[in-house]
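Observations on the three-dimensional arrangement
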Amino acid sequence: MLTQPQMLIDVGDLAGWKSDKVYIGTEYMYWYRKFGLDGVEESTVQGMIIAFF
């Protein structure tokens, strides 16, 4: 089972640029029974920057 919730903020809109172009946020990844193996779990917090041109 893999879950990856993301929290993103539209930085372009906050800075007065075009909205829906630049996002900054964080992502939490939790993987239970990675690759189907008992006792193998992974938990990671990651930073994200997404830009659309």
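These remarks concern the structure in this document.

Definitions and limits used
- Along each chain, the written sequence defines residue order, and numbers are assigned to residues from 1.
- With pLDDT at 70 or above as the cut-off, local features in this predicted model cover only qualifying residues; side-chain atom pairs require 80 or more to be listed or tallied, and sums for whole chains, interfaces and linings still use all residues.
- Values reported for side chains reflect all heavy atoms of the structure, with hydrogen atoms and water molecules removed beforehand.
- Every helix listed is a DSSP run of H or I at least four residues long, and every strand listed is a run of E at least two residues long, numbered separately from the N terminus.
- A 1.4 Å probe rolled over the protein chains alone gives each residue an accessible area, and that area as a share of the maximum for its type sets the label: buried under 20%, exposed over 50%, partly exposed in between.
- Should any heavy atoms of two residues lie within 4.5 Å, those residues are considered in contact.
- Positive charges come from Lys and Arg, negative ones from Asp and Glu, while His and the chain ends are left out of the count.
- Taken as the charge centre is NZ of Lys, CZ of Arg, CG of Asp or CD of Glu, depending on the residue.
- A side-chain nitrogen of Lys or Arg and a carboxyl oxygen of Asp or Glu constitute a salt bridge if their distance falls within 4 Å.
- Here a polar contact means two N or O atoms within 3.5 Å. Within protein one must be a hydrogen donor candidate and the other an acceptor candidate, and residues neighboring in sequence count only if both atoms are side-chain atoms.
- One requirement defines pairing of two strands: DSSP has to find at least two bridges between them.

**Topic: the overall build of the protein**
- Within the protein, the secondary structure is distributed over 1 helix and 4 strands.
- Start at the N end of the protein and walk to the C end: the helices and strands fall as β-β-α-β-β.
- In terms of overall dimensions, the protein has a C-alpha envelope of 50 × 15 × 10 Å along the principal axes.
- Buried residues in the protein amount to 13% of all 53 residues.
- Long-range pairs, those at least 24 residues apart, make up 32% of the contacts in the protein between residues at least 6 apart in sequence.
- Distance between charge centres in the protein, computed from 4 positive and 7 negative side chains, equals 7 Å.

**A few points about the side chain of Asp10**
- Among the secondary structure elements, Asp10 is positioned in strand β2 (residues 6-10).
- Buried charge Asp10 goes without a salt bridge, the closest partner of opposite sign being Lys21 at 10 Å.
- In this structure the side chain of Asp10 is engaged in a polar contact, spanning 3.0 Å, whose partner is the backbone nitrogen of Asp20.
- Beyond its immediate stretch of four places on either side in the chain, Asp10 contacts Ser19, Asp20, Lys21, Val22 and Tyr23.

**Brief notes about the pattern of salt bridges**
- Under the criterion given, the structure shown has 2 salt bridges.
- In this structure, Asp38 engages Arg33 in a salt bridge whose closest nitrogen and oxygen atoms are separated by 3.1 Å.
- For Arg33, a relative accessible area of 36% gives the class partly exposed.

**Points about the pairing of strand β3 (residues 22-32)**
- Where strand β1 (residues 2-3) and β3 come together, 2 bridges link them in antiparallel fashion. In the strand pairing of β3, Leu2 is matched with Trp31.
- Across 5 bridges, β2 lies against β3 in antiparallel orientation. Along β3, the bridge assignment pairs Asp10 with Tyr23.

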